[in-house]
Amino acid sequence: MNVAQLSIDALERFGDYNSTFFEGHWSSTFELMDFSGRLAEVLRDQAIAPGDRVVVMMANCLEVSAAFQALAQLGAVVVPLMPQLLAREVSYIVSNSGARVVITSAELAPRVAEATAHIEGFQQILTVGETGLPGCTDLQPLMDGATPLASLTSRTAGDLALLVYTSGTTGHPKGVMISHGNLIDNTLAAAQRLAWPVGQRSMMALPMSHVYGILVTNLNAVLGGVTALLRKFTVDQALQTIQDFQVERCSLVPTMMVGLIHHPERENYDVSSLRRVTGGSAPLPDEVRRRFETLFDCRVYDGYGQSEATCAVCCYELDEAYVVGSAGRPLAGFDVCVQDDANCCLPVGETGELCFRGPSVMLGYWKDEAASRAAIIDGWLHSGDIGHIDERGYMYITDRKKDMIVKGGENISPRQIEEVLCRMDAVAEVAVVGVPDATYQEDIAAFFVLKGDAQLSREQVLQFAAPELHKFKLPKY
């Protein structure tokens, strides 16, 4: 069992076709497979062995997916990093993971070199492009004479494939251990639920270093998709791509949707091809969903997942009716329950912490047994998210457990307040948080991003919110 087999099977199933458009150039499925195979051979020659952790830190490009595929073929472990990370953040993750090699772009190489300069046992930086820096090796000359790796390294379902570092509320990020079995199960379960038509045109705007981007990349291969890949998301480029590439489907995070909604020249682009948008990675306010559907004349569906569950936990079928406030139903293989603070399962409809078990649940946290025991209790992954499940099995996520505002002993959901305030005409985005208070221990503060030159007063906020929120839940600041 090796997650790299998914792409190999897809090539056999759909044949060779132009699958990826990136910066003016088409790549076929065979070309991409050949590219990753040659890279795997080069990496093997660089003494990367099964179980080795290898950091991949680049903006979206063909080399990112090739590196993921090549490392999986070798049985090595991918440690994906966002290209925006600072040197000190990179240094901690490289050191904590025990990675001896980093694959990165020429432009990021100086930062990686700074991050790894004093890490004992670190060996080399492999770059896409020449840098002239000591300790950096350009991959391109090595790739030119390479032949694709002959066979996959055999892995078991429990063998580590991906080590994703996720930031908590305090301290250093924790490494989420995701196995070959986790990745295969989550990809196939999501593919079964979504079942996009073969050849559907999509836009890949998500960072490929995030579990959401990794899942969508795998789904595009498994379902025979055709993808326009963006190096990074900008509103202008996204709108241009939707128009020029005739994008039918894409996955976005809510902040991207907000940017597209409020772009001043949005109406100058032809976005009539867009049929379906899936949200994830952050709460999707229903006002944002409805605005996007109206302005872009497409269907918008929320979804839910987390790194500790590989990625997707629940979503909607292709043509399923949207249930307002719900992120859909759990994927096949997931058992889901809602638990109270004593770790007891609650009846249908009651609110508590959402907990999951199944073959997509992580192996645990890297080198952190205490955190692993706290997250997985009696086989149940405790998500840290508050919500409920209705009688039809639809999941509703109302807040993060640690985000709850405790005012005078009462739990208050920031998201409930945000859902009301984001409906104000002047508001582009809003965030509600708890702040220290001498009387109530915590009180409520609301932060706004306004549309264009719009203005908003405290009195207008309170006047708008008063009919829909108990006065105890009205923001003080």
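Keep in mind the model is a prediction, meaning the values are calculated, not measured.

J.: I'd love a proper account of the overall build of the chain, names of residues and values included.
T.: Check the secondary structure of the chain and you find 14 helices and 27 strands. By the compact-globule yardstick of 23 Å for 477 residues, the chain fits well, its C-alpha radius of gyration being 23 Å. Viewed in the frame of its principal axes, the chain has a C-alpha envelope of about 70 × 55 × 45 Å. The burial tally for the chain puts 54% of its 477 residues in the buried class. Long-range pairs, those at least 24 residues apart, make up 66% of the contacts in the chain with a sequence separation of at least 6.

J.: Could you give an account of empty space enclosed by the protein, with specific residues and numbers?
T.: One pass over the structure, following the stated rule, counts four cavities of 30 Å³ or more. Of the pockets and cavities examined, the largest cavity occupies roughly 750 Å³. In this structure, the largest cavity is lined by 36 residues; those nearest its centre are Ser-7, Ser-65, Thr-217, Asn-218 and Ala-221. Looking at the lining of the largest cavity, the elements with two or more residues in it are helix H1 (5-14), strand S1 (18-22), helix H2 (29-45), helix H3 (62-74), strand S8 (160-166), helix H7 (180-194), helix H8 (211-222) and strand S11 (226-229). A breakdown of the residues in the lining of the largest cavity according to their chemical character gives 23 nonpolar, 13 polar and no charged. Of the voids in this model, the second largest cavity is the one considered here, and its volume is about 40 Å³. Around the second largest cavity, the lining residues are Leu-183, Asn-186, Thr-187, Val-211, Ile-214, Leu-215, Asn-218, Thr-310 and Cys-311.

J.: How would you explain the nonpolar core if you had to name every residue and give the values?
T.: Counting residues in hydrophobic clusters, the biggest one holds 106 residues, and the most contacted among them are Leu-252 and Phe-292. Among the elements that line this core, the one with the most residues is H3, at nine residues. With sequence-adjacent residues up to four places away left out, Leu-252 is seen in contact with Met-203, Ala-205, Leu-206, Tyr-212, Met-257, Leu-260, Val-277, Thr-278, Gly-279, Gly-280 and Phe-292. Val-90, Leu-108, Ile-119 and Leu-160 belong to the second-largest nonpolar core, a separate cluster that totals 25 residues.

J.: Report on the packing of aromatic side chains, specifying residues and quantitative values.
T.: The description of an aromatic ring pair rests on the distance of the ring centres and on the angle between the ring planes. Under the defined criterion, the tally for this structure stands at 11 aromatic pairs. On the basis of an interplanar angle of 35° and a centroid distance of 6.1 Å, the ring pair of Tyr-316 and Tyr-394 is categorised as tilted. Of this pair, Tyr-316 sits in the loop between strand S16 (312-315) and strand S17 (329-330) while Tyr-394 sits in the loop between strand S22 (380-389) and strand S23 (395-400), placing them 78 residues apart in sequence. Classification of Tyr-316 as buried rests on a relative accessible area of 0%. Taking relative accessible area as the criterion, Tyr-394 reaches 8% and is therefore assigned buried. Each residue in the set Tyr-301, Tyr-316, Tyr-322 and Tyr-394 is aromatic and connected to the rest through ring pairs, giving one cluster. Positioned above the aromatic ring of Phe-245 is the side chain of Arg-201, whose terminal nitrogen or guanidinium carbon lies 4.1 Å from the ring centre. The aromatic ring of Trp-196 is capped on one face by Arg-249, whose charged end is 3.3 Å from the ring centroid.

J.: I'd love a proper account of the layout of surface pockets, names of residues and values included.
T.: Looking at the second largest pocket, its volume works out to about 460 Å³. Lining the second largest pocket are 20 residues, and of these Thr-351, Ile-386, Thr-398, Met-404 and Ser-413 lie nearest its centre. Sorting the residues of the lining of the second largest pocket by element identifies strand S19 (352-357), S23 and helix H13 (414-421) as the ones contributing at least two each.

J.: Which residues make up the sheet that holds S17, and what are the values?
T.: The three strands lie next to each other as S15-S16-S17, forming an open sheet whose pairing is antiparallel. Looking at the sheet topology across the chains shown, the edges are occupied by strand S15 (304-305) and S17. Strand direction decides the pairing type here: S16 and S17, joined by two bridges, are antiparallel. Its bridge partner lying in S17, Cys-314 is registered against Pro-330.

Cut-off values and rules
- Residues numbered from 1 in each chain as written.
- Predicted model: local features only at pLDDT ≥ 70, side-chain atom pairs only at ≥ 80, totals over all residues.
- Heavy atoms only, no water.
- Helix = DSSP H or I, 4+ residues; strand = E, 2+ residues; numbered from the N terminus.
- Rg over C-alpha atoms; globule rule 2.2 N^0.38 Å.
- Buried < 20%, exposed > 50% of the residue type's maximum accessible area, 1.4 Å probe, protein only.
- Contact = heavy atoms within 4.5 Å.
- 1 Å grid on protein atoms, 1.4 Å probe; cavity = no way out; pocket = protein on both sides within 12 Å on 5 of 7 lines; lining within 4 Å.
- Points joined across faces, edges and corners; volume = space filled by probe spheres on them.
- Nonpolar A, V, L, I, M, F, W, Y, C, P; charged D, E, K, R; others polar.
- Core = buried A, V, L, I, M, F, W, Y, C linked by side-chain atoms within 4.5 Å.
- Phe/Tyr/Trp six-rings, centres within 6.5 Å; stacked < 30°, edge-to-face > 60°.
- Lys NZ or Arg CZ within 6 Å of the ring centre and 35° of its normal.
- Pairing = 2+ DSSP bridges.

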